[in-house]
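# What the coordinates show
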Amino acid sequence: METLIPTINRLQEVFLTVGAEIIQLPQIVVVGSQSSGKSSVLESLVGRDFLPRGSGIVTRRPLVLQLVNVAPLQQRLKIENGNGVKQNAQISFPDEKAEEWGTFLHCKNQIFTDFQEIRQEIVKETDRSSGDNKGISPEPIYLKIFSPKVLNLTLVDLPGITKVPVGDQPEDIEAQVQEMILSFISNPNSLILAVSPANSDLATSDALKLAREVDPDGRRTLLVVSKLDLMDAGTDALEVLLGRVIPVRLGIIGVVNRSQHDINTQKSLEDTTRDEQAFLQRHYPSLASRAGSRYLAKTLSRLLMHHIRDCLPDLKTRVTVLNAQYQARLNGYGQPVEDHSATLLQIVTKFASDYCSTIEGTARFIQTSELCGGARICYIFHETFGRTLQCIDPLGGLTELDILTAIRNATGPRPALFVPEVSFELLVKRQMKRLEEPSLRCVELVHEELQRIIQHCSSFSTQELLRFPKLHDSIVEVVTGLLRKRLPITNEMVHNLVAIELAYINTKHPDFADAAQVSASVNSQQAEALDGGKRWKNEKFAEEKASPVGFGSPSKGQAINLLDTALPVSRKLSAREQRDCEVIQRLIKCYFLIVRKSIQDSVPKTVMHFLVNFVKEHLQSELVGQLYKQALLQELLIESQDTAQQRTEVAQMLEGLKKANNIISEIRETHLW
């Protein structure tokens, strides 16, 4: 288990190298109010003075502190001379012989053996990011300290909780500090080291208050009561340390910090630790073995190791899942282009194949939210177009007055004995023309769907195409141009279909069965008209009586325009007129249904042949002919800056995840228990 904390430190370095913290690693977060003694507690754990000190807010950036236990100098010298075990290759040892040293992540390959220089570097780096007038910054400083006197630990020192802004601090400095603290302690893999001074009421501790917001059960919180020697005379913190005031699950440890006088006189931390133990023996003899800086260091190391052990299975699973996700993302970005010709042909062929597959319904990526491709074209043919034709009334917009007017116009100056065929042809052609508009609309809908398939293939089927914006735009332009060229040709053919029907009214059509019946009816009426002259005269007289100034017999001096249908003459039709209208209506309806059935069948076939199938067959050749040109290859296959940058970032992250996976795999399961 001793290797667990160094393993987490190595994982942290791996993820910092790639510039991202995508995994929440176990660590100890130090939280406390301003001047609560956090810095003194950390320095007691290290055994050296290295943190900035002063009045007001001093820690203005998170400090991620990794403590690494190394062999003493004499033992390392023996190792170098070949008299000991192999030296740890993961540690960068200083050139000069130093017992303790430190390194910063932002100072590459620079080793600090003077801890005063470490303090100055912290101040310098803090001022660089936060300014030199008490401003704060959430960007962490990463410091690693190597010493034979420390235990393996990873701690995060955060700015102290403050109430009143000073210097150039914003008015909401308290909210900013609390937000920064919560961002660290809300990590479920972190332990919370809450520092609260003994000379203040524990019930008002800001550190405990924030800790309980994210850890209400107290499973991750350890309380350190600092400044035990500054309590009022006659009082002590025994009840607090025993957990009788506010219980803390991981425990409560009391420590004695260095006073300002000790700091000014540069009292060594060794002497401070010795005096601390003497103080605890005098004032808290029953707790002396479970208090003090040394006990705190051992407790933190033990808690962190057990916490890492508990988090490691989930951590390993998380790394494995992220490894697979980033590998898939990297595969989606593809490899950098080496052979431009082969890459262009591959992308064009893939796009054309996906386009045709979407029409045929064999695409790999099938939509489940809406119809698309060939399925939508089928819906347009048999639902939209077919339903529209079925809704057209064969006699719609055709009145009995229109029919009678056509009959009389077809007979000229002679009165009609029979219903003329010319009137039927004139009226049925008028009705048949109504089929042209929905037919052309069907072509337009199919054309729009073929346009939509372009975007569908670009977004879902051919992900690699999105790497090259110019090639993507060029392919869209070529396919759109091909569809644009075929649209008028298809429209003309559909127009011709209707024109063909209008060109010849085939009254001998096999399905025109009503024609024989109507003809027989007309012949019967003709015989009655020839043999029953008297009855005809009576009917004529009845007509004149019913309509003395009507449609059939205009009065003298009054002109009636038969073509003016805006103000039709309203009257009751005679029996013969009613019979003639019914004959024409039956003929029109019968023949219109024949033509409508033919148009409903031939328009989809025409659209498929002249538009859909033509595009499928000629798409790839059109793309290759328009785009496969040496002068365009370099220009078309220029990747977007975002794609190249994202590929690099994902590759780096994937490399970091692989290293992390290898580091975790080095820990055997038996070492965890």
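Residues numbered from 1 in each chain as written. Predicted model: local features only at pLDDT ≥ 70, side-chain atom pairs only at ≥ 80, totals over all residues. Heavy atoms only, no water.

For the rest of this paragraph, the subject is the overall build of the protein chain. Assigned secondary structure in the protein chain consists of 21 helices and nine strands. Carbon and sulfur atoms make up 51% of the accessible area of the protein chain, which totals about 35100 Å². (Helix = DSSP H or I, 4+ residues; strand = E, 2+ residues; numbered from the N terminus. Areas by Shrake-Rupley, 256 points an atom, 1.4 Å probe, with all protein chains shown as cover.)

Turning to the packing of aromatic side chains, a few remarks are in order. With the rule as written, the count across this model stands at six aromatic pairs. With centroids separated by 6.2 Å and ring planes inclined at 35 degrees, the aromatic side chains of Phe 351 and Tyr 355 adopt a geometry described as tilted. Of the two residues, Phe 351 and Tyr 355 both sit in helix H11 (residues 340–360), four residues apart, roughly one turn of that helix. Judged by relative accessible area, Phe 351 falls into the buried class, the value being 0%. Classification of Tyr 355 by relative accessible area gives buried; the value is 0%. The interplanar angle of 20 degrees and the centroid separation of 6.1 Å between the aromatic rings of Phe 424 and Phe 512 together place this pair among those described as stacked. Taken together, the residues Phe 424 in helix H14 (residues 421–432) and Phe 512 in the loop between helix H16 (469–503) and helix H17 (514–531) connect sequence positions 88 residues apart. (Phe/Tyr/Trp six-rings, centres within 6.5 Å; stacked < 30°, edge-to-face > 60°. Buried < 20%, exposed > 50% of the residue type's maximum accessible area, 1.4 Å probe, protein only.)

As a further point, take the packing of helix H5 (residues 173–185) against helix H6 (residues 206–214). Closest axis-to-axis distance for the H5/H6 pair is 10 Å, and the angle between their directions is 50 degrees. Put simply, H5 runs oblique to H6. Here the hand of the crossing between H5 and H6 comes out right-handed. Facing Gln 178, Ile 181, Leu 182 and Ile 185 of H5, the residues of H6 in contact are Leu 210, Ala 211, Glu 213 and Val 214. Here the contact of H5 with H6 is built from residues that sort into six nonpolar, one polar and one charged. (Axes fitted to C-alpha atoms, helices over the stretch in contact; angles between N-to-C directions. Parallel < 35°, antiparallel > 145°, perpendicular 65-115°, else oblique. Left-handed = near helix turned anticlockwise from the far one by under 90°. Contact = heavy atoms within 4.5 Å. Nonpolar A, V, L, I, M, F, W, Y, C, P; charged D, E, K, R; others polar.)

This part takes up unusual backbone geometry. For Lys 227, which is not glycine, the phi torsion reads 60 degrees and is therefore positive. Looking at where Lys 227 falls in the secondary structure, it is placed in the loop between strand E8 (221–226) and helix H7 (238–241).

Before going further, it helps to examine H11. A rise of 1.5 Å per residue sets the reference length of H11, with its 21 residues, at 30 Å; its end C-alpha atoms lie 30 Å apart and thus fit the reference within 8%. Of the residues flanking the end of H11, it is Gly 361, one or two places downstream, whose phi is positive at about 85 degrees. (Expected span 1.5 Å × (residues − 1).)

What follows deals with the environment of Lys 589. Within the secondary structure, Lys 589 sits in helix H19 (residues 575–627). Separated by 196 residues in sequence, Lys 589 and Asp 393 have C-alpha atoms that sit 8.7 Å apart.

Looking at the protein chain, pLDDT values average 80 and 82% of them are 70 or higher. In this model residues 545–563 is a low-confidence stretch, pLDDT under 50, and it forms 18 contacts with partners more than four residues away in sequence or in other chains. (pLDDT = per-residue confidence, 0-100.)

Moving on, we get to the nonpolar core. In this structure, Tyr 355 and Leu 450 are the most contacted members of the largest nonpolar core, which totals 68 residues. Contributions of two or more residues to this core are made by H11, helix H12 (374–390), helix H13 (400–411), H14, helix H15 (436–461), H16, H19 and helix H20 (630–636). If sequence neighbours within four positions are ignored, Leu 450 has contacts with Tyr 355, Ile 359, Ile 377, Leu 483, Leu 611 and Val 612. Among the nonpolar cores identified, the runner-up in size contains 60 residues, and Leu 11, Phe 50, Phe 104 and Leu 657 belong to it. (Core = buried A, V, L, I, M, F, W, Y, C linked by side-chain atoms within 4.5 Å.)

Burial analysis of strand E6 (residues 153–157) places five of its five residues in the buried class, which makes it a mostly covered element. Here E6 shows no split at all, with Leu 153, Leu 155 and Asp 157 on one side and Thr 154 and Val 156 on the other all buried. In this structure, strand E2 (residues 63–69) lies alongside E6, joined through five bridges in antiparallel fashion. Bridge assignment links Val 64 to a residue of E6, and that residue is Val 156. (Pairing = 2+ DSSP bridges.)

Time to look at helix H9 (residues 269–283). Look at H9: 21 Å from first C-alpha to last across 15 residues, which is about the 21 Å you get at 1.5 Å a residue. Where H9 is buried, its residues touch helix H2 (38–46) and helix H10 (293–333).

This part is about the sheet that holds strand E4 (residues 111–112). Strand order in the open sheet formed by nine strands is E4-E3-E5-E2-E6-E1-E7-E8-E9, and the pairing between neighbours is mixed. A strand with exactly one partner marks an edge of an open sheet, and here the two such strands are E4 and strand E9 (252–254). Taken strand by strand, H2 contacts strand E1 (27–32), E2, strand E5 (141–147), E6, strand E7 (190–197) and E8, and its axis lies near 160 degrees from that of E6. Taken strand by strand, H6 contacts E1, E7 and E8, and its axis lies near 155 degrees from that of E7.

On to the packing of H10 against helix H21 (residues 641–665). Relative orientation of the contacting elements H10 and H21 amounts to 150 degrees, with a least axis distance of 9 Å. With respect to H21, the element H10 is oriented roughly antiparallel. For H10 against H21, the interelement crossing comes out left-handed. Along its contact with H10, which presents Leu 312, Leu 315, Lys 316, Val 319, Thr 320, Leu 322, Asn 323, Tyr 326, Gln 327, Arg 329, Leu 330 and Tyr 333, the element H21 presents Thr 643, Gln 646, Arg 647, Val 650, Ala 651, Met 653, Leu 654, Leu 657, Lys 658, Ala 660, Asn 661 and Ile 664. Among the residues forming the contact of H10 with H21, the class breakdown is 14 nonpolar, six polar and four charged.

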